[in-house]
Amino acid sequence: MYCMGRGTAQPGNDMKPIRLTLWMSQFCGWHEQFKAGTLGVDLLSIYLQARSDLNALLVMAQGLDIRANNGGRQAVRIARAVPVEFDLDSGKVSSLTQDLSTSGLCAILGDAPAIGTVFGFRLKLGRDIPPIDGQCRVVAKIPMQGSVRMAVTFVALSKEGLGHIETLVIDAACSEI
């Protein structure tokens with residue numbers, strides 16, 4: 001892997017080789033500092049750019065298309081069982097996510113609303129994080145034996161909620177190295 005640092009590749013710029021494992025180790029150290037609130041202000045913009053770069057790399061690794069405006073998924077999916085509550089017309093329904101990304105989630109329900117239906121949800125990421133409230137839209141329903149795998153995309157999610165989900169995705173990546 002080669003790292004240009006800041007800026008864009010241009011003739012004459014020196015590219016420095018860096019091992020991906022070294023880059024990931026350094027990034028995951030920054031990530032832990034970011035979560036603890038101890039990441040220095042001088043590293044914040046570098047960390048956020050590296051976080052964006054890692055997301056793009058993971059999207060490509062999942063065989064997804066990161067080009068904007070192509071209609072494809074542009075967010076990394078992680079397999080995590082996170083408690084979620086949906087506000088359906090029939091009442092509140094609790095489940096666990098099958099997978100989760102910054103753009104949506106999948107969960108198994110006894111029954112699911114029609115594709116296109118919009119409703120509220122609450123994600124419960126942990127004791128130290130307040131529940132994340134938002135709105136989602138059903139984009140797919142896959143029948144299973146006696147249940148339905150429902151895929152939703154987020155249509156309303158706070159910036160803070162999105163940040164918590166991004167952190168969970170990065171936690172999953174860092175736990176694998």
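Calculation rules
Residue positions are counted from 1 within each chain, in the order its sequence is given. Side-chain atom pairs in this predicted model are given and counted only at pLDDT of 80 or more, local residue features only at pLDDT of at least 70, and totals for whole chains, interfaces and linings cover all residues. Hydrogens and water are ignored here; the side-chain numbers use all heavy atoms of the structure. Each helix is a run of DSSP H or I of at least 4 residues and each strand a run of E of at least 2, with the numbering of both proceeding from the N terminus. Two residues qualify as a contact provided that any one of their heavy atoms is within 4.5 Å of a heavy atom in the partner residue. Two strands make a pair as long as DSSP finds a minimum of two bridges between them. Whether a residue is buried, partly exposed or exposed follows from its accessible area with a 1.4 Å probe, protein chains only, as a fraction of its type maximum: under 20%, in between, or over 50%, in that order. Counting of polar contacts relies on pairs of N or O atoms within 3.5 Å, with two restrictions inside protein: one atom must be capable of donating a hydrogen and the other of accepting it, and residues adjacent in sequence are counted only when both atoms are side-chain atoms. Only buried Ala, Val, Leu, Ile, Met, Phe, Trp, Tyr and Cys residues count toward a nonpolar core, and they belong to the same one when joined by side-chain atoms within 4.5 Å. The span you would expect from a helix comes to 1.5 Å times its residue count less one. Summarising the geometry, the arc corresponds to the directions from the helix axis toward the C-beta atoms.

I keep staring at the environment of leucine 125 and nothing clicks. Help me out?
Following the sequence through the fold, leucine 125 ends up in the loop between β6 (118-123) and β7 (132-144). Each C-alpha atom, one on leucine 125 and one on histidine 164, is 8.1 Å from the other, the two residues being 39 residues apart in sequence. Excluding residues within four positions of it along the chain, leucine 125 makes contact with Val82, Ile132, His164, Ile165 and Leu168.

Before we go on, may I ask you to explain the pairing of β7 in this structure?
Residues in a regular strand point their side chains to alternate faces of the sheet. Pairing between β6 and β7: 6 bridges, direction antiparallel. Paired with phenylalanine 121 across the two strands is glycine 134, which belongs to β7. Summarising the sheet, β7 and strand β8 (residues 147-157) pair through 10 bridges and their orientation is antiparallel. Bridging from a neighbouring strand, cysteine 136 pairs with phenylalanine 154 of β8. Between β7 and the antiparallel strand that follows it, β8, lie 2 residues; glycine 146 among them carries a positive phi value of about 75°.

Just to check I follow, could you spell out the environment of aspartate 87 for this structure?
Considering the arrangement of structural elements, one finds aspartate 87 in strand β3 (residues 83-88). Exposure remark for aspartate 87: the relative accessible area of 25% places this residue in the partly exposed category. In this structure the C-alpha to C-alpha distance between aspartate 87 and arginine 122, which are 35 residues apart in sequence, comes to 8.4 Å. If we skip the residues at most four places from it in the chain, aspartate 87 touches Lys92, Phe119, Gly120, Phe121 and Arg122. Separated by 3.1 Å, the side chains of aspartate 87 and lysine 92 make a polar contact.

How should the nonpolar core be read in this particular structure?
One recurring pattern in soluble globular proteins is that nonpolar side chains are buried together. By size, the foremost hydrophobic cluster in this structure holds 27 residues, and its most contacted members are Phe86, Leu100, Leu105, Phe119, Leu123, Met150 and Phe154. Every element with two or more residues in this core is listed here: β3, β5 (104-109), β6, β7, β8 and α3 (159-175). If near-sequence neighbours (up to four positions away) are discounted, leucine 100 is found in contact with Val76, Arg77, Ile78, Val82, Leu105, Leu123, Phe154, Ile165 and Leu168. Among the nonpolar cores identified, the runner-up in size contains 13 residues, and Met24, Phe27, Tyr47 and Ile170 belong to it.

What's the story with the side chain of histidine 31 in this structure? I'm lost.
Here histidine 31 is to be found in helix α1 (residues 20-36). A polar side-chain atom of histidine 31 sits 2.6 Å from a polar atom in the side chain of aspartate 171.

Quick question: what am I supposed to make of α1 here?
Structurally, the α-helix is built with 3.6 residues per turn, so residues lying three or four positions apart point the same way. Across its 17 residues, α1 extends 24 Å between first and last C-alpha, which sits within 8% of the 24 Å expected from 1.5 Å per residue. When α1 is considered as a whole, its buried residues turn out to be Trp23, Met24, Phe27, Cys28, Trp30 and His31. Down the axis of α1, the sector holding all buried residues measures 165°, keeping them to one side. Exposed and oriented more than 90 degrees from the buried face of α1 are Thr21, Leu22 and Ala36. Contacts from the buried residues of α1 go to α2 (41-61) and α3.

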